[in-house]
Amino acid sequence: MKQTLSELMRMSRICRMVFATCLGSFILVIFYFQSMFQPVMRRNPFVVEGCCRKGSRNALQELYNPTQPELSGAAVLHQARRDQVVDACRVYSASSRKRRVLTPGDLKHLVVDEDHELIYCYVPKVACTNWKRVMMVLTGRGKYSDPMDIPSNEAHIPSNLKTLNQYSIAEINHRLKNYLKFLFVREPFERLVSAYRNKFTLKYNSSFHKRFGTRIIRRYRKNATQDALLNGADVKFKEFAEYLVDPATQRDGPLNEHWQTVYQLCHPCHIHYDLVGKYDTLEEDANYVLRLVGVGDSLRFPSYAKSTRTTDAMTAQFFSNISTQQQIQLYQLYKLDFHMFNYTTPSYLRLD
């Protein structure tokens, strides 16, 4: 009898734990389900609800109800970009049988700034090093003043910035609802070629050569030399493309963040981003964010070296060296990013 009672009590505790876990996940699911449709309604979040520090306007308020005349024109542009994302998500949702539920683990790319109530989803190869530097200035409470004083490797140390997955479910929901959420995007194939050039053609990226280059050469290069198999330092773009579209790569797990789609990194069909910046207008859009935050007079986004950036002409040259079949497959892989962020199909593609 005592043993039976003990077992019943133990089962009761287990049931309560399972219920609490499921309830937390359910709350997160409900929030994401609602956030998918919030932008469609074009609801101003400040008509009824207040979300700001007492006696001040935060960046989210300034975006939707600008008090500075020079910000009004940009607000119209960014509403159009939000609408584009919503429309693409609606089409994708209608045509896809897949239903994805996000977990806190999916939020590791969302950097949080508590002081200015910001959430930034970083996308590698879209000025994310400089954005992380800026976020370190914003969250450093006086520790830093010039983003370019921060070494690039220090900007990528995880402990220097807090990400959304480190919060509880309730804290995640609160911040997604009340903080200004933004990301920066780039023409998908330009970003892809930029990632290839950076990770596979520069000698100092030996860790990528070892981790990915050796695997790519082993799979796709006939009669590879022992040196190539050992070091993986001379991956050709054609081999890289073959790796990306190979079903075996998909079975290996998620793509590396440097060539993963923005859709998979930032989940814009689940999270309502208030602002979508673009790499082609990087400084203009970045400094607009800083003006919304109220630090535009004291902090400017760093300029970047235009002479070394991957251009459309350079991207076209790389794509001319791969087959029509590979071009079609790569376009299918990144198609949603093209549509979601209003990038036209490149003229150099052979899709017929």
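Nothing here was measured: the structure is a model prediction, and the numbers come from that model.

Chemist: Can you walk me through the packing of helix α7 (residues 188–200) against helix α10 (residues 237–245) in this structure?
Modeler: For the pair α7 and α10, the least separation of the axes is 11 Å and the interaxial angle reads 115°. Seen along the crossing, α7 lies across α10 with a hand that is right-handed. Facing L192, V193, Y196 and F200 of α7, the residues of α10 in contact are F237, F240 and L244. Tallied by class, residues from the contact of α7 with α10 come to seven nonpolar, no polar and no charged.

Chemist: Got a minute to help me understand the environment of D285 in this structure?
Modeler: The topology assignment puts D285 in helix α13 (residues 282–293). The sequence separation of D285 and F301 amounts to 16 residues, and the corresponding C-alpha distance is 9.5 Å. Leaving out residues up to four positions away in the same chain, D285 has contacts with H78, R81, F184, G277 and K278.

Chemist: What am I meant to see in the packing of aromatic side chains here?
Modeler: Any pair of aromatic rings gets described here by the distance separating the centres and the angle formed by the planes. Within this structure, the stated rule accounts for 25 aromatic pairs. Between F212 and W259 the ring centres are 5.2 Å apart and the planes differ by 80°, which places this aromatic pair in the edge-to-face class. Here F212, found in helix α8 (residues 206–220), pairs with W259, found in the loop between α11 (247–251) and α12 (262–266); they are 47 residues apart in sequence, far enough to count as distant. Both residues of the pair, F212 and W259, count as buried. Above the plane of the ring of Y167 lies K162, whose end atom (NZ or CZ) is 4.4 Å from the centre.

Chemist: Would you take a moment to explain the state of the cysteines for this structure?
Modeler: As used in these notes, a disulfide is a covalent bond between sulfur atoms, one from each of two cysteines. As enumerated under the stated definition, the model contains two disulfides in all. Through a disulfide, C89 is tied to C269; the S-S separation comes to 2.0 Å. Residues C89 and C269 share a disulfide whose torsion about the S-S bond is about -95°; that sign makes it left-handed. Of this pair, C89 sits in helix α3 (residues 69–95) while C269 sits in the loop between α12 and β5 (275–278), and the two are 180 residues apart along the sequence. Of the two residues, C89 and C269, neither departs from the other in class, the shared state being buried. The connectivity of the disulfide bonds within the protein chain can be written as 1-4, 2-3, using the sequence rank of each bonded cysteine.

Conventions and cut-offs
Residues numbered from 1 in each chain as written. Predicted model: local features only at pLDDT ≥ 70, side-chain atom pairs only at ≥ 80, totals over all residues. Heavy atoms only, no water. Axes fitted to C-alpha atoms, helices over the stretch in contact; angles between N-to-C directions. Helix = DSSP H or I, 4+ residues; strand = E, 2+ residues; numbered from the N terminus. Left-handed = near helix turned anticlockwise from the far one by under 90°. Contact = heavy atoms within 4.5 Å. Nonpolar A, V, L, I, M, F, W, Y, C, P; charged D, E, K, R; others polar. Phe/Tyr/Trp six-rings, centres within 6.5 Å; stacked < 30°, edge-to-face > 60°. Buried < 20%, exposed > 50% of the residue type's maximum accessible area, 1.4 Å probe, protein only. Lys NZ or Arg CZ within 6 Å of the ring centre and 35° of its normal. Disulfide = S-S within 2.5 Å.

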